[in-house]
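Structural characterization, general
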Amino acid sequence: LVCHPPMLRTALRSRAFLPVRRPMTFWRAFSTPAPGGKVPTALIQELRKRTSAGMMDCKKALEASNSDIDKAIEWLRGQGKAAVNKFSSRIAAEGVIAIAIRANRGVMLELNSETDFVSRGDSFRTLARHVANAALTDTSLSFPKNRIGEVPVDKVMNASVGDSKTVAQEIERVVSTLRENVKLRRVSGVEVATGSRIGSYVHGGDQGVGRMGALVAVSSSTQGDEAKDKLASQLAAQVVGFGATYLSKEDVPKDVLDAHKGDAASLYSDVVLLEQGFTVADPEGGRSVRDVLGGENGVTVQSFSKFIVGEGIEKKEDDFVQQVM
């Protein structure tokens, strides 16, 4: 092919000899964004629904997991475990008492946080309710029979709270969000026989969550369930409001009696439930708990338990001046 200069210039201007360039096409699944791309909002919402994690945490998890939901869930759990390890050495002396009762089973627990501010928040109180209900409904957990007693915390931590999550995993999730140490400190429970009922009272809160709480188990062969429920709840309020520590005189330890020689009657009326004036149920009559229950009611107190947030925990006094120096 021979081209004269004028013809060559014309051909170059028309790009007749340049190769044709076609646009490149890339295909990817709808649910998986290209690297650096935007995670679909629907996927974030689905992960949040399944894990209850925050929107930003869900977004980060999906970005780190290439929008694979199962991997994102594992990523979130890993973040929760890391947060628990980071904050576990901090003293958690604030918190709430949570109580749940269903049929013949009742449970009371103490869930601790580092600050009062966190313990008053909805997410923390919702967590306490979820843990109490998980312990109550998990049939693999064995509760003491007829007498309120300890339920192992490690077993409650393995109870299911729904969506294949355990109590431990739910606490990990909350810790990673609140950035505070959260600890399930203790759990008490009871399973009563036919003819017995369980009552409760929570002070300083609502919906079964507060700062102080009590469980009471009662029995009677003459009273109906409604009457027993009322008396059991009144007894629980009595325990919280008037500081009962022992059920009967026989339960008071000898060393406690020895420390109050010559004033045993006063001691009994202060700390023995059956010897206290039943102010909650009989405010004007002045009768003792023993008299009210044993009179026309024919009710027997099988046992009771009382929790107060932070009792027995040595709180650390923060030196804020030293912290900012």
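Further up the page is the structure itself.
Let me sum up the structure you'll find in this document. Keep in mind that what you see is a predicted model, and the values were worked out from it rather than measured.

Remarks on the sheet that holds strand β1 (residues 94–102)
Taken together, five strands build an open sheet; the order of strands is β3-β6-β2-β1-β8 and the sheet is antiparallel. Where the open sheet ends on each side, the last strands, each with one partner, are β3 (149–150) and β8 (209–210). The sheet strands contacting helix α6 (residues 122–137) are β1, β2 (105–113), β6 (183–191) and β8, and the helix crosses β2 at an angle near 145 degrees.

Regarding the packing of aromatic side chains
On inspection of all chains with the given rule, the structure shows zero aromatic pairs. Across the ring face of F143, the terminal group of R105 is positioned such that the distance to the ring centre comes to 4.0 Å. The ring of F307 has R186 lying over it, and the distance from NZ or CZ to the ring centre is 4.0 Å.

Overview of the nonpolar core
Counting residues in each nonpolar core, the largest one holds 28 residues, and the members touching the most others are V107, L109, L111, V156, I171 and L184. Every element with two or more residues in this core is listed here: β1, β2, α6, α8 (167–178) and β6. In terms of residues, this core owes the most to one element, α6, which gives eight residues. Leave out the neighbours within four places in its chain, and L184 touches L109, E110, L111, V131, V153, V156, M157 and I171. Counting 20 residues, the second-largest nonpolar core is a separate cluster that includes V239, L274, V299 and F304.

Topic: the sheet that holds strand β7 (residues 196–203)
Strand order in the open sheet made by the three strands is β7-β9-β10, with antiparallel pairing throughout. Edge positions in the open sheet fall to β7 and β10 (300–308), since each of these has one partner strand only. Pairwise comparison of adjacent strand axes, ignoring direction, gives a mean angle of 15 degrees for this sheet.

Considering α6
Taking 1.5 Å as the rise per residue, α6 with 16 residues should run 22 Å; its terminal C-alpha atoms sit 22 Å apart, in good agreement. When we look at burial in α6, the residues that qualify are F124, R125, L127, A128, V131, A132, A134, A135 and L136.

Details of the pattern of salt bridges
Taken as a whole and judged by the stated rule, the model has 18 salt bridges. Residues K59 and E63 are paired through a salt bridge, measuring 2.5 Å at the closest nitrogen-oxygen approach. In this pair, K59 and E63 both sit in helix α3 (residues 55–64), four residues apart, roughly one turn of the helix. Judged by relative accessible area, K59 falls into the partly exposed class, the value being 29%. With a relative accessible area of 43%, E63 lands in the partly exposed category. Note that K254 is salt-bridged to D258, the shortest N-O span being 2.9 Å. Of this pair, K254 and D258 both sit in helix α10 (residues 254–258), four residues apart, which is roughly one turn of the helix. Judged by relative accessible area, which is 62%, K254 ranks as exposed. With a relative accessible area of 36%, D258 lands in the partly exposed category. Among the charged side chains, a salt-bridge network with shared partners connects E94, D116, R120 and R211.

Comments concerning the packing of helix α9 (residues 225–242) against helix α12 (residues 289–297)
At a minimum axis distance of 12 Å, the contact between α9 and α12 shows a crossing angle of 175 degrees. One element, α9, and the other, α12, form an angle in the roughly antiparallel class. Within the contact between the two elements, α9 uses L231, L235 and Q238 and α12 uses V289, L293 and N297. The residue inventory of the contact of α9 with α12, partitioned by class, reads four nonpolar, two polar and no charged.

Reading guide: rules and limits
- Residues numbered from 1 in each chain as written.
- Predicted model: local features only at pLDDT ≥ 70, side-chain atom pairs only at ≥ 80, totals over all residues.
- Heavy atoms only, no water.
- Pairing = 2+ DSSP bridges.
- Helix = DSSP H or I, 4+ residues; strand = E, 2+ residues; numbered from the N terminus.
- Contact = heavy atoms within 4.5 Å.
- Axes fitted to C-alpha atoms, helices over the stretch in contact; angles between N-to-C directions.
- Phe/Tyr/Trp six-rings, centres within 6.5 Å; stacked < 30°, edge-to-face > 60°.
- Lys NZ or Arg CZ within 6 Å of the ring centre and 35° of its normal.
- Core = buried A, V, L, I, M, F, W, Y, C linked by side-chain atoms within 4.5 Å.
- Buried < 20%, exposed > 50% of the residue type's maximum accessible area, 1.4 Å probe, protein only.
- Expected span 1.5 Å × (residues − 1).
- Salt bridge = Lys/Arg side-chain N within 4 Å of Asp/Glu carboxyl O.
- Parallel < 35°, antiparallel > 145°, perpendicular 65-115°, else oblique.
- Nonpolar A, V, L, I, M, F, W, Y, C, P; charged D, E, K, R; others polar.

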